[in-house]
Structure formats: structure tokens, C-alpha cells
Amino acid sequence: MTAIVPAELLSGPGPAAALAVGDVSAARTGAVVRRLSGARMRTLDGLYDAFARAWSFPDHFGRNKDAFDDCLGDLPLGLRTAIGAPATGYLTVITDAEQLLSDASDDDFEWFATSPEHWRERSLRSGRGFGLVLSADDDTAPSVAARWEAAGDPLIRLRQD
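In the annotation of an unreviewed UniProt entry, the chain is listed under the name Barstar (barnase inhibitor) domain-containing protein and assigned to Gordonia neofelifaecis NRRL B-59395. UniProt lists a comment for the chain under the heading Sequence similarities (unreviewed entry), and it reads "Belongs to the barstar family."

## Comments concerning the environment of aspartate 137
Position of aspartate 137 relative to the elements: it lies in the loop between strand E6 (129-136) and helix H6 (141-150). Note: C-alpha distance between aspartate 137 and leucine 19 (118 residues apart in sequence) is 10 Å. Of note is the side chain of aspartate 137, whose polar atom sits 3.0 Å from the backbone nitrogen of aspartate 139. A polar side-chain atom of aspartate 137 sits 2.8 Å from the main-chain amide nitrogen of threonine 140.

## Some remarks on the pairing of strand E5 (residues 89-95)
Most of E5 is tucked away: six of the seven residues are buried. Relative to E5, strand E4 (residues 31-37) runs parallel, the two being bridged by seven bridges. Opposite valine 32, over in E5, you have tyrosine 90 as the bridge partner. Judged from the six bridges that link them, E5 and E6 form a sheet pairing that is parallel. Across the sheet, residue threonine 92 finds its bridge partner in E6, namely leucine 132.

## Some thoughts on helix H4 (residues 106-113)
Three or more residues of H4 are buried, namely Asp108, Phe109, Trp111, Phe112 and Ala113. Where the residues of H4 are buried, they touch helix H2 (44-54), helix H3 (65-73), E5, helix H5 (116-125), E6 and H6.

## A short note on the pattern of salt bridges
Tallying each qualifying case throughout the model produces eight salt bridges. A single network of salt bridges, built from pairs that share partners, joins Asp45, Asp49 and Arg63.

## Some words on H6
Buried within H6 are the following residues: Ala141, Val144, Ala145 and Trp148. When H6 is viewed along its axis, its buried side chains cluster within an angular range of 95° and face the same direction. Of the exposed residues in H6, the ones pointing more than 90 degrees away from its buried face are Pro142 and Ala150. Contacts from the buried residues of H6 go to strand E2 (17-21), H4, H5, E6 and strand E7 (156-157). The positive-phi residue at the C-terminal boundary of H6 is glycine 152, with phi of around 110°.

## Focus: the nonpolar core
A general feature of soluble globular proteins is that nonpolar side chains tend to end up buried together. Counting 41 residues, the largest nonpolar core has Leu47, Phe51, Phe57, Phe68, Leu100, Phe112 and Trp148 as its most contacted members. Breaking this core down by element, the ones donating at least two residues are E2, E4, H2, H3, E5, H4, E6 and H6. Sort the elements by how many residues they give to this core and H2 lands first, with seven residues. By size, the runner-up hydrophobic cluster in this structure holds 13 residues, among which are Leu10, Val24, Ala26 and Ala31.

Parameters at a glance
Residues numbered from 1 in each chain as written. Predicted model: local features only at pLDDT ≥ 70, side-chain atom pairs only at ≥ 80, totals over all residues. Heavy atoms only, no water. UniProt positions renumbered as here; feature names shortened; annotations may be inferred. Helix = DSSP H or I, 4+ residues; strand = E, 2+ residues; numbered from the N terminus. Polar contact = N/O pair within 3.5 Å; in protein donor to acceptor, adjacent residues only side chain to side chain. Buried < 20%, exposed > 50% of the residue type's maximum accessible area, 1.4 Å probe, protein only. Pairing = 2+ DSSP bridges. Contact = heavy atoms within 4.5 Å. Salt bridge = Lys/Arg side-chain N within 4 Å of Asp/Glu carboxyl O. Arc of directions from axis to C-beta. Core = buried A, V, L, I, M, F, W, Y, C linked by side-chain atoms within 4.5 Å.

Below you can see the structure in the form of C-alpha cells.
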């Protein structure tokens with residue numbers, strides 16, 4: 001089974017983050033996709049490293065929350081999808097989502113969980129969408145959703161095809 005990402009995730013209205021069980025397909029979104037492992041982002045430093053590598057943050061990235069927000073809001077134009085089409089948005093899929101920031105403070109997790117709509121708003125100013133998908137298995141998906149929503153932000157549940 002594959003969860004299908006709706007284009008609305010990237011452009012709103014509504015949450016800019018979603019939960020998927022299993023594999024994720026963004027074929028219908030027009031987005032360039034980066035897949036990151038939550039197991040490598042158990043700490044804030046791990047999160048900074050993974051996103052900076054995946055999205056080619058500039059060398060002057062300050063490795064703090066404000067700089068992270070700026071970099072995600074200013075992702076480069078001209079990226080292409082997996083089939084070579086010009087990208088109309090940016091999508092980050094986080095696998096092993098139950099491990100995301102699991103060794104970080106509650107404040108750090110709350111900052112991250114409440115930021116996707118801000119990042120999408122900034123991306124939309126440059127004509128590009130933005131979305132985040134948390135990917136988990138059947139056993140961990142309920143706890144991933146509960147933790148995210150307890151931080152104060154809703155999630156879209158992606159349907160399986």
C-alpha cells in the first residue's frame with residue numbers, strides 16, 4: 001500500500017503536515033521530494049544536518065531555529081521533480097517518524113511541529129508549495145500522531161491506494 005500525497009497539502013488551506021502509514025507517493029503534487037530518516041534526526045543537531053544536506057542549505061546556515069526557518073522558507077527555485085518537470089513545490093518525507101527529535105527537548109519538538117504552515121506560507125510567496133509527511137508503520141503511527149497533535153498542530157491522514 002502507498003499513501004498518496006494530495007496537492008492541497010502543499011498549497012493549503014489546512015495543515016501543511018501529514019501522516020502516512022508505509023510508503024508515500026507524491027507523483028500528483030508536482031513537488032520535488034526529499035526523504036529523510038527520523039532515526040538520523042533524534043536531536044536538533046541531527047535535524048539541522050539532515051535538512052541542510054537534503055535541501056542544500058547555504059554554507060552560512062547558522063544552525064539555529066531562526067536560520068533553519070529562513071533556509072526552509074528560501075529553498076531554491078528551479079528544482080526538478082523525479083521525472084524532470086519543473087517543481088511547483090517542496091515536500092519532505094520523514095521516515096521512522098517515531099524517532100524524530102526523540103532525544104530533543106519538548107520545546108524543540110513543539111517548535112518543529114508547529115512550523116510547517118509557516119514554511120509553506122513563506123514558500124507560497126515565491127510561488128512554490130511546501131509540505132511535510134511523517135511516515136510510520138501501523139504500530140507507531142498512533143503515537144506519532146498523538147505526539148505531533150499534542151504539540152499543537154493538526155495532521156492530515158493520508159489515504160492508502
